[in-house]
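Spelled out, the chains give:
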Amino acid sequence: MSLVEIIVLNDEDARAAEAHGADRLELVSAIGEGGLTPSYGIIKTVVKSVKIPVMVMIRPHSYSFTYRGQEWAAICEDIKIAQELGAAGIVFGATTETGTLDSDLLGMVLEESKGLSVTFHRAIDVGNTQGIYRSLCEGPFRVDRVLTSGGRPTAIEGADTIKSMMQIGAASAHAPIIMPGSGLTGENIGELHKDLQALEYHFGSAVRFEGSFLKPINGKVIEKVKDVVI
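By convention here, each chain's residues receive numbers from 1 onward along its written sequence. Where local features are concerned, this predicted model is filtered to residues with pLDDT of at least 70; where side-chain atom pairs are given and counted, the filter is 80 or more; whole-chain, interface and lining totals use all residues. Side-chain metrics rest on all non-hydrogen atoms present in the structure, leaving aside hydrogens and water.

(A) Expanded view of the side chain of Ser-117. Within the fold, Ser-117 resides in strand E5 (residues 117-120). A distance of 3.2 Å separates the side chain of Ser-117 from the side chain of Asp-144, its partner in a polar contact. In what follows, residue pairs with any heavy atoms lying within 4.5 Å of each other are defined as contacts. Ignoring anything within four residues of it in the chain, the contact list for Ser-117 reads Met-55, Ala-88, Gly-89, Ile-90, Asp-144 and Arg-145. For helices the rule is a DSSP run of H or I covering at least 4 residues; for strands it is a run of E covering at least 2, with both sets numbered from the N terminus onward. For the purposes of these results, a polar contact is taken to be a pair of N or O atoms within 3.5 Å, where, inside protein, one atom must be able to donate a hydrogen and its partner to accept one; residues adjacent in sequence count only when each atom of the pair is a side-chain atom.

What follows is the structure, given as structure tokens:
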């Protein structure tokens, strides 16, 4: 059975997602900007409200995935807070201005987040997607998974690239799990899962009423997804 991760914005979302079968949560704020680091209070209330793992977005701004040296301290403080409040892990990604993996910053983040699970997020999709994944497989830094749409707007469009990434991972002893996400719905997950057989999948607005983050979680969609990826 594949694991299903759901984006949540608050404790109400978290409880609903857990009740309908979500295996893990990604907690973000400012979803309209692609997701930013949530507040102390939101992290605390969400973590306390569920038993399943909560992954906290660590992203201080929305205008790129490239961070200046003076932003590194804030990133470290956010990681410390997430860990202190009981988060299971963090969601983070950073690239250089040329679209390659920012290995220096990633190394610092991984050092700071020891004991936490780490997802490298869709920063991988705005740079050299396969090149960044290869760097994560072959370099000295270990992340648990990558969230990716294969460098395309949706995981359906990027399915061929995701398959190529899986082939890269198969040749590595330390390959991060590939978690397809972006544009996945209760209607298209069946065909994609048949094609990819991924171990994990990531869902956002598709599991909400009217497909909108302004609406509550639609538990029936989560249940439908779980039935498909069993």
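(B) Region of interest: the sheet that holds strand E8 (residues 200-203). When DSSP finds two or more bridges between two strands, those strands count as paired. Spatial ordering of the open sheet is given by E7-E6-E5-E4-E3-E2-E1-E8, a layout of eight strands whose pairing is parallel. Every other strand in the sheet has two partners, leaving strand E7 (177-180) and E8 as the edge strands with one partner each. Here the strands of the sheet are splayed against their neighbours by 25° on average, with no regard to which way each runs. The pairing of strand E1 (residues 3-8) with strand E2 (residues 24-27) spans four bridges and is classified as parallel. Note on E2: the bridge partner recorded for Glu-5 is Arg-24. Note on geometry: axes are C-alpha line fits, over the in-contact stretch for helices, and angles between N-to-C directions span 0 to 180 degrees.

(C) Geometry of the packing of helix H6 (residues 159-170) against helix H7 (residues 189-196). The N-to-C vectors of H6 and H7 enclose an angle of 30°; their axes lie 11 Å apart at closest approach. With respect to each other, H6 and H7 are oriented roughly parallel. In this structure, H6 meets H7 at a crossing whose hand is right-handed. Each of Ala-159, Ile-162, Lys-163 and Met-166 in H6 lies in contact with H7, whose residues at this interface are Leu-192, Asp-195 and Leu-196. Its residues placed into classes, the contact of H6 with H7 shows five nonpolar, no polar and two charged. Each angle receives one of four descriptions, namely roughly parallel if under 35 degrees, roughly antiparallel if over 145, roughly perpendicular if within 65 to 115, and oblique otherwise. Handedness of a crossing follows from how the near helix is turned relative to the far one, being left-handed for an anticlockwise turn of less than a right angle and right-handed for a clockwise one. Residues are grouped as follows: Ala, Val, Leu, Ile, Met, Phe, Trp, Tyr, Cys and Pro are nonpolar; Asp, Glu, Lys and Arg are charged; all remaining types, including Gly, are polar.

(D) Structural view of the pairing of strand E3 (residues 54-57). Side chains Val-54 and Val-56 of E3 all project onto a buried face; the interleaved residues Met-55 and Met-57 project onto the opposite face, where all are buried too. Crossover E2 to E3 through helix H2 (residues 40-49) is right-handed. Of the strand pairs in this sheet, E3 and strand E4 (residues 89-92) are connected by three bridges, and their pairing is parallel. Bridging across to E4, Val-56 finds its partner in Ile-90. Between E3 and its parallel partner E4, the chain crosses via helix H3 (residues 69-84), and the hand of that crossover is right-handed. Each residue is assigned to one of three classes by its accessible area relative to the maximum for its type, calculated with a 1.4 Å probe on protein chains only: buried under 20%, partly exposed between the two thresholds, exposed over 50%. Assignment of crossover handedness uses the view with strands pointing away from the viewer, where a clockwise path from the first strand over the helix to the second indicates a right-handed crossover.

Any functional reading would require information beyond the geometric quantities listed.
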